[in-house]
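Chain residues, written in single-letter form:
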Amino acid sequence: MALSKISSEISDASIHSTFASRYVRNSLPRFRMPENSIPKEAAYQIINDELMLDGNPRLNLASFVTTWMEPECDKLMMDAINKNYVDMDEYPVTTELQNRCVNMIAHLFNAPLGESEAAVGVGTVGSSEAIMLAGLAFKRKWQNMRKAQGKPFDKPNIVTGANVQVCWEKFARYFEVELKEVKLTEGYYVMDPVKAVEMVDENTICVAAILGSTLNGEFEDVKLLNDLLLEKNKQTGWDIPIHVDAASGGFIAPFLYPELEWDFRLPLVKSINVSGHKYGLVYAGIGWVIWRSKEDLPEELIFHINYLGADQPTFTLNFSKGSSQVIAQYYQLIRLGYEGYQNVMENCHENAMALKAGLEKTGRFNIVSKDQGVPLVAFSLKDHSCHNEFEVSEMLRRFGWIVPAYTMPADAQHVTVLRVVIREDFSRTLAERLVIDITKVLHELDTLPAKISAKLCVTSNGENGKNGTVVKKTATETQREITAYWKKFVSDKKTNKNKIC
């Protein structure tokens, strides 16, 4: 959640609205609650007017989050919008629907369940909460084991790739776990299983593998990680497990790559999280975490309450939350079934390949993403001599497209990419239109004089050395300086924008 700021640059601290002035003659304070009430029509119009300046969610190609659902599901969500999910005794059917979702997803991930055995899992606000819960389970189980062995238990660590989502950094910082990151290299933008296993030690609570990297959609090799870690555990006597962060790929791999072994078929995979609001096809606000068995979730982490009418077990970071997303997830699971999800994912993959082909046809881009993985296309300019990805991203906004440009993590910070996420509502027609608009942007950049990038090209390609000699910089060094400048430029723009929010 972004921290709020009040800008000192705003001279008028009131909100004006032409439409609302028909009802309200005095402007409203911007950062204080007004003294008096206003008509509901005026309140609606004031807010609606400001929200028109938001981007179009359907054209937000930066986000993995679902932006379209069927009207029938929208209606179910609105009908349940006043239900607090935590009131399980008052809303037993909603609780039952959540339990059904947990079991459906557990079977989808090949959990080793008996015929009548219930799966172990819980619905969350998103994958961030799911990862926090899974991480806490690993930490507590490791601490209990160390205590029983009479060994120190105050320095737990977790091994991940540098490509992990920020929620892993939050978990490490909030819950005092050392985060050991496997650095990336140019051309290899996911965690190397060999390097990851080399970094584990007796204090490692788990190794986190990513099924669908945020950076380029690539699936990490969980099978190889499992095999290497089994051997390491055998040699050392340790029992280091694996968590799979399948936030993006958990609802893709079972339908597009059913033979790929990444889930509970691998013995060291003890828990998996997945985002229902990504390729689970539900609006933002739902995630899931599934454990292999009851033994993998320490009982002392589960709280029992009875002040809502009956004994209720709870294992969440928050308490109250809406029921709508849980109901929507159940709707999608039974409405689409395996066949429907497979059709959606195949369609997304085909549209991604069509977009990739269109970009390659321009001859201006290197494709960074892989064909097997999350349906997205990550790409970078071949020629950075005068213009870069940040300029392309900025100019695409003129056409309504929101396409992010960003740099890779350590040790590939000098690599900048653009990324387009293909969701269910991104059609082949939109893919073709996007290629046309990108081509227009490239042609316009070619005809314009190079801006800041060109200046950097000139100044950074050579520096005065001793006796006035010019020291030639490499293309990589030049690109790093250009990237660093644009990162600061974009960061400053975001900071200024936040000041007026």
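- The name given to the protein in an unreviewed UniProt entry is Glutamate decarboxylase, with Cephalotus follicularis as the source organism.
- We quote the UniProt Cofactor (unreviewed entry) comment for the protein here in full: "pyridoxal 5'-phosphate".

Quick notes on the nonpolar core
Part 1: In terms of nonpolar packing, the biggest core is built from 104 residues, with V207, V244, F251, W262, M345 and L355 touching the most fellow members.
Part 2: Two domains share this core, each providing at least three of its residues, namely domain 1 (75-335) and domain 2 (340-446).
Part 3: Discounting residues that sit within four places of it in the chain, L355 has contacts with V377, V420, I422, A431, L434 and V435.
Part 4: Residues W142, V164, C167 and F171 belong to the second largest nonpolar core, which totals 14 residues.

A look at empty space enclosed by the protein
Part 1: Under the defined criterion, the tally for this structure stands at one cavity of 30 Å³ or more.
Part 2: Partitioned by chemical class, the residues of the lining of the largest cavity number five nonpolar, two polar and four charged.
Part 3: Counting contributing residues per domain, the lining of the largest cavity is built from domain 1 (75-335) and domain 2 (340-446), each supplying no fewer than three.

Quick look at the sheet that holds strand β6 (residues 204-210)
Part 1: Strand order in this open sheet of seven strands is β3-β9-β8-β7-β6-β4-β5, and the pairing throughout is mixed. Of all strands in the sheet, those with a lone pairing partner are β3 (120-124) and β5 (178-182), marking the two edges. The sheet shows a mean angle of 20° between the axes of neighbouring strands, taken without regard to direction.
Part 2: In the sheet, strand β8 (residues 269-275) pairs with strand β9 (residues 287-291) via five bridges, with the strands oriented antiparallel. Within β9, the position partnered with S275 by the bridge is G287.
Part 3: Along the sheet, helix α3 (residues 92-108) contacts β3, β8 and β9; its crossing angle with β9, the most-contacted strand, is approximately 60°.

A word on the layout of surface pockets
Part 1: Empty space within the second largest pocket amounts to approximately 640 Å³.
Part 2: Every element with two or more residues in the lining of the second largest pocket is listed here: α3, β3 and β11 (312-314).
Part 3: Among the elements that make up the lining of the second largest pocket, the one with the highest residue count is α3 (five residues).
Part 4: Its residues assigned to classes, the lining of the second largest pocket comprises 14 nonpolar, ten polar and four charged.

With respect to α3
Part 1: Taking 1.5 Å as the rise per residue, α3 with 17 residues should run 24 Å; its terminal C-alpha atoms sit 24 Å apart, in good agreement.
Part 2: Tucked inside the fold, the buried residues of α3 contact β3, α8 (253-256), β8, β9 and α9 (324-362).
Part 3: After α3 finishes, the residue N110 shows a positive phi value of roughly 60°.

Things to note about the packing of aromatic side chains
Part 1: Per the counting criterion, the structure on display carries nine aromatic pairs.
Part 2: Taking the centre distance of 5.8 Å and the plane angle of 20° together, the rings of F251 and Y341 count as stacked. Of the two residues, F251 sits in the loop between β7 (242-245) and α8 while Y341 sits in helix α9, which places them 90 residues apart along the sequence. For the pair F251 and Y341, a shared accessibility class is recorded, and that class is buried.
Part 3: Both rings, one in W291 and one in F315, keep their centres 5.8 Å apart while their planes meet at 40°; by these two values the pair is tilted. Taken as a pair, W291 in strand β9 and F315 in the loop between β11 and α9 lie far apart in primary sequence, 24 residues in all.
Part 4: In this structure F315 comes out as buried when scored by relative accessible area, which is 10%.

What about helix α7 (residues 222-236)?
Part 1: With 15 residues, α7 ought to run about 21 Å at 1.5 Å a step, and its terminal C-alpha atoms sit 21 Å apart, in line with that.
Part 2: All of the buried residues along α7 are V222, L225, N226, L229 and N233. Projected down its long axis, α7 shows its buried positions confined to an angular sector of 95°, all on one face. Relative to its buried face, α7 has exposed residues pointing more than 90 degrees away, namely K234 and Q235.
Part 3: Capping the start of α7 is the job of one residue whose side-chain oxygen sits 3.4 Å from the backbone nitrogen of K223: D221.
Part 4: Just past α7, the residue G237 takes up positive phi, approximately 80°.

Focus: the sheet that holds strand β12 (residues 365-367)
Part 1: Taking strand neighbours across the sheet as the criterion, the four strands line up as β12-β13-β15-β14 in an open arrangement whose pairing is antiparallel. The open sheet has two edge strands, β12 and β14 (405-407), and neither has a second partner. The average angle at which neighbouring strand axes cross in this sheet is 40°, direction not considered.
Part 2: Judged from the three bridges that link them, β14 and strand β15 (residues 416-421) form a sheet pairing that is antiparallel. Within the sheet, the bridge partner assigned to Y406 lies in β15 and is V417.
Part 3: Helix α10 (residues 389-396) rests against β13 (376-381), β14 and β15 of the sheet, and its axis sits at about 35° to β15.

Examining the side chain of T124
Part 1: Mapped onto the secondary structure, T124 falls in strand β3.
Part 2: In terms of polar contacts, T124 uses its side chain to reach the backbone carbonyl oxygen of G126, at 2.7 Å.
Part 3: Excluding anything up to four places from it in sequence, T124 contacts E129, A130, L133, G285, I286, G287, W288, V289 and K321.

Let's talk about the pattern of salt bridges
Part 1: One pass over the structure, following the stated rule, counts 16 salt bridges.
Part 2: Taking the shortest distance from any N to any O, the salt bridge between R146 and E202 comes out at 3.4 Å. One end of the pair, R146, is in helix α4 (residues 127-149); the other, E202, is in the loop between α6 (193-199) and β6, with 56 residues separating them in the sequence.
Part 3: Looking at R146, the relative accessible area reads 4%, which means it is buried.
Part 4: Where R423 meets D425, a salt bridge forms, and the shortest distance between an N and an O atom there is 3.6 Å.
Part 5: The buried category is assigned to R423, whose relative accessible area is 4%.

Rules used in this analysis
Residues numbered from 1 in each chain as written. Predicted model: local features only at pLDDT ≥ 70, side-chain atom pairs only at ≥ 80, totals over all residues. Heavy atoms only, no water. UniProt positions renumbered as here; feature names shortened; annotations may be inferred. Core = buried A, V, L, I, M, F, W, Y, C linked by side-chain atoms within 4.5 Å. Buried < 20%, exposed > 50% of the residue type's maximum accessible area, 1.4 Å probe, protein only. Domains from an automatic or database assignment. Contact = heavy atoms within 4.5 Å. 1 Å grid on protein atoms, 1.4 Å probe; cavity = no way out; pocket = protein on both sides within 12 Å on 5 of 7 lines; lining within 4 Å. Points joined across faces, edges and corners; volume = space filled by probe spheres on them. Nonpolar A, V, L, I, M, F, W, Y, C, P; charged D, E, K, R; others polar. Pairing = 2+ DSSP bridges. Helix = DSSP H or I, 4+ residues; strand = E, 2+ residues; numbered from the N terminus. Axes fitted to C-alpha atoms, helices over the stretch in contact; angles between N-to-C directions. Expected span 1.5 Å × (residues − 1). Phe/Tyr/Trp six-rings, centres within 6.5 Å; stacked < 30°, edge-to-face > 60°. Arc of directions from axis to C-beta. Polar contact = N/O pair within 3.5 Å; in protein donor to acceptor, adjacent residues only side chain to side chain. Salt bridge = Lys/Arg side-chain N within 4 Å of Asp/Glu carboxyl O.

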